[in-house]
Number of protein chains: 2
Amino acid sequence: MESVAIVGVGLIGGSFALALRAAGFQGEILGVSSAATIERARALGAVDRACTLEEAARRADLLFLAQPVGVIRDSLAAIAPHLRPHTLVTDAGSTKAEIVAAAQRHPAMQFLGGHPLAGKEVRGVEAAEANLFHGRTWVLTPVTEDFLHRPAVVEFCVWLERIGAQIVTLDAEAHDRALAFSSHLPQLAAVALASSCGASGLADRISAARLFGPALQEAARLARSPFSIWRDILATNRGPVHHALECYIMKLQQLKEELEQGENSGLDREFQAAALFAASIRPSGQLNEERDSSRRSVYLGDEFSRK
Amino acid sequence: MESVAIVGVGLIGGSFALALRAAGFQGEILGVSSAATIERARALGAVDRACTLEEAARRADLLFLAQPVGVIRDSLAAIAPHLRPHTLVTDAGSTKAEIVAAAQRHPAMQFLGGHPLAGKEVRGVEAAEANLFHGRTWVLTPVTEDFLHRPAVVEFCVWLERIGAQIVTLDAEAHDRALAFSSHLPQLAAVALASSCGASGLADRISAARLFGPALQEAARLARSPFSIWRDILATNRGPVHHALECYIMKLQQLKEELEQGENSGLDREFQAAALFAASIRPSGQLNEERDSSRRSVYLGDEFSRK
């Protein structure tokens, strides 16, 4: 891997470029973005020079598509005619099934779906960090398990490990179903919470007198994430998100009824079930320490045998 | 104010004691708690010595009830026969209407409802901090505006300002209605979220492969809060919490339908409404800076004229 092209040099694309450099990557790093973005990315040492999407497709050994989900689908179609056979195309899109399906329309394309579970509230290459992926899960969604043994994929995985990412392989649908609960539902729950408070007739009092604790502040932080990011995510994961929302609404209905009836044993059970799940996803502080000490990737090949 | 009794020497009670000391309080600080707790609190310099609830009622100029809501009601009944006329009794309970009503059953008692909006995930006097209330809202719920001019109340408010708290006065029902949306609903939303993930059939995958972002982690953090704390809060604020849950469920239903119908303009509107409210409760970092520079309390007397 001598030439890497970052398509979409924002927080994720820029961080991946900085991480490669910090991990000792000596090849060239091309950037496909607006002229202004490339200028900033060059100043930060993230990319060497700008190039067009077509040039990136012709020249790079690895194409990293770090764009919104809808744009990634367009990029796949645009690069397909220009790729060399050994080129590996991968992405960082938040949903995987539709992207993987779009890539499969180009049988000659060597495509590996990816999703680094890392991010920040701020966007843009200015916020990029070489250690953004350190200790974080990086999901890969190969269409067959064999795919992971291809030389270009093996080399890419070595770089992912060098930048400290924890590789998890899943099929695309399993990824989307899990993320519907663990990422898309929490976002919608936070938006609904902030929006309910805003519509409660108590919004002015709550904000003027600062009548809130950290829980509402955290929901508010999430609710500042713009719909422009979420539109594609929700549109490309409609079924699983719909299912997660239904389960969540049912759970809330149940809590409401138990509250109405003063049914403390039922409420207690829900708090306990919630605490049990909560304990299984301990805070990232502990996680990172633990992960750093082992630095081993997790391959969940079981998904393939279950299909 | 020469003698203060902390009834329930945990995180809040212990922090209040440490804050008073740090702000220059020279009088005695008595502690009503288990022998083991008082020992730890003495070692931390939070209290001078243990005393019984009855002795506290007879001796202290200020009684600070920092107990769970249900226990505060019991304490009010227990202290009532022993109080001197000038003694001020106040509390730190998370709901106010029922506590204020319970106190009013003792007409000779000089009671001022209070709720410091500060806390941590950890409990117990070991976690107490002298600056816990610095820059944080401290709600007071006097039954009449006149009450605020009583000498004992004026002196208490001076100490609250010295420890850096931002006083907000509200009537008890207004407090409970606002907190139903800004504190109790976020807690139930987090519990339902963690519990839904736990019941999704995807819990093992989500936790083993660490398929989650910060939103779910924050919900999980909240969901570790035990029902023993929330039972009394929910039981003493049933109407407002029920209303908040209904509004929230309706909002989620609406999001679900808009998602089903690909109604992006509706979803966009919800995200915008949420972001607008979110912007009105900016993160505490900014808040604290701003507040520290002014160090002035807010008195929202308007509540009284609206009654």
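Further up the page is the structure itself.
These notes cover the structure that comes with them. Keep in mind that what you see is a predicted model, and the values were worked out from it rather than measured.

**Quick word on the overall build of chain A**
- Looking only at helices and strands, chain A features 14 helices and eight strands.
- Relative to the compact-globule value of 19 Å for 307 residues, chain A shows a C-alpha radius of gyration of 21 Å, a close match.
- Burial status across chain A gives 58% buried among its 307 residues.
- A total of about 12,000 Å² of accessible surface is found on chain A, and carbon and sulfur atoms cover 51% of it.
- One finds the centroid of the 31 positive side-chain charges in chain A at a distance of 3 Å from the centroid of its 35 negative side-chain charges.

**Side note on the side chain of B:Gln110**
Residues and elements named next belong to chain B.
- Structurally, Gln110 can be placed in strand E6 (residues 110–116).
- A polar atom in the side chain of Gln110 sits 2.9 Å from the backbone oxygen of His86.
- Residues in contact with Gln110, not counting those within four places in the same chain, are Pro85, His86, Thr87, Leu88, Val89, Phe147, Arg150 and Ala152.

**Examining the sheet that holds strand E7 (residues 137–141) of chain B**
All names here are of chain B.
- As summarised here, the arrangement of the eight strands in space is E3-E2-E1-E4-E5-E6-E7-E8, forming an open sheet in which the pairing is mixed. The two strands at the open ends of the sheet, each matched to only one other strand, are strand E3 (49–50) and strand E8 (166–169).
- Relative to E3, strand E2 (residues 28–32) runs parallel, the two being bridged by two bridges. The partner of Gly31 across the bridge, within E3, is Ala50.
- Of the strands in this sheet, strand E1 (3–7), strand E4 (62–65), strand E5 (88–91) and E6 touch helix H4 (residues 69–79), which is tilted by about 155 degrees from E4.

**Details of the sheet that holds strand E5 (residues 88–91) of chain A**
All names here are of chain A.
- An order of E3-E2-E1-E4-E5-E6-E7-E8 is seen for the eight strands of this open sheet, with the pairing classed as mixed. Strands at the two margins of the open sheet, each flanked by one partner only, are strand E3 (49–50) and strand E8 (166–169).
- Both E5 and strand E6 (residues 110–116) contribute to a ladder of three bridges, which runs parallel. Bridge pairing in E6 places Val89 opposite Phe111.
- Strand contacts of helix H4 (residues 69–79): strand E1 (3–7), strand E4 (62–65), E5 and E6, with the helix running at about 155 degrees to E4, the strand carrying the most contacts.

**As for the interface of chain B and chain A**
- At the junction of the two partners, chain B supplies 90 residues and chain A supplies 90 residues.
- Between chain B and chain A lies a buried interface of about 8,200 Å² when both sides are counted; carbon and sulfur atoms form 72% of it.
- Where chain B meets chain A, there are two salt bridges.
- Note that A:Lys256 is salt-bridged to B:Glu246, the shortest N-O span being 3.8 Å.
- At the boundary of chain B with chain A, the tally comes to 17 residue pairs in polar contact (both at pLDDT 80 or more).

**Notes on the relation of the copies chain B and chain A**
- Here chain B sits on chain A after a turn of 180 degrees about the axis and a move of 0.0 Å along it, with an RMSD of 0.1 Å. Seen this way, the second copy is the image of the first under a two-fold rotation axis. Considering only C-alpha atoms, the residue of chain B closest to the rotation axis is B:Ile249, which sits at 3.1 Å.
- Same-surface contact between copies: 100% of interface residues of chain B are shared with the interface of chain A.

**Some words on the packing of aromatic side chains**
Residues and elements named next belong to chain A.
- One pass over the full model with this rule turns up 17 aromatic pairs over all chains.
- When the centroid spacing of 5.5 Å and the interplanar angle of 85 degrees are considered together, the rings of Phe25 and Trp159 count as edge-to-face. A residue pair is termed long-range when its members are at least 10 positions apart, and Phe25 in the loop between helix H1 (11–22) and strand E2 (28–32) and Trp159 in helix H6 (residues 151–162) qualify at 134 residues.
- The class for Phe25 is buried, based on a relative accessible area of 4%.
- Pairwise contacts between aromatic rings join Phe16, Phe64, Phe133, Trp138 and Phe156 into one cluster.
- When the ring centre of Trp159 is taken as reference, the NZ or CZ atom of Arg162 above it lies at 4.3 Å.

The rules behind these values
Residues numbered from 1 in each chain as written. Chains lettered and ligands numbered in written order. Predicted model: local features only at pLDDT ≥ 70, side-chain atom pairs only at ≥ 80, totals over all residues. Heavy atoms only, no water. Helix = DSSP H or I, 4+ residues; strand = E, 2+ residues; numbered from the N terminus. Rg over C-alpha atoms; globule rule 2.2 N^0.38 Å. Buried < 20%, exposed > 50% of the residue type's maximum accessible area, 1.4 Å probe, protein only. Areas by Shrake-Rupley, 256 points an atom, 1.4 Å probe, with all protein chains shown as cover. Lys, Arg positive; Asp, Glu negative; His and termini not counted. Charge placed at Lys NZ, Arg CZ, Asp CG, Glu CD. Polar contact = N/O pair within 3.5 Å; in protein donor to acceptor, adjacent residues only side chain to side chain. Contact = heavy atoms within 4.5 Å. Pairing = 2+ DSSP bridges. Axes fitted to C-alpha atoms, helices over the stretch in contact; angles between N-to-C directions. Buried area = accessible area lost by both parts, 1.4 Å probe. Salt bridge = Lys/Arg side-chain N within 4 Å of Asp/Glu carboxyl O. Least-squares fit on C-alpha atoms with pLDDT ≥ 70 in both. Phe/Tyr/Trp six-rings, centres within 6.5 Å; stacked < 30°, edge-to-face > 60°. Lys NZ or Arg CZ within 6 Å of the ring centre and 35° of its normal.

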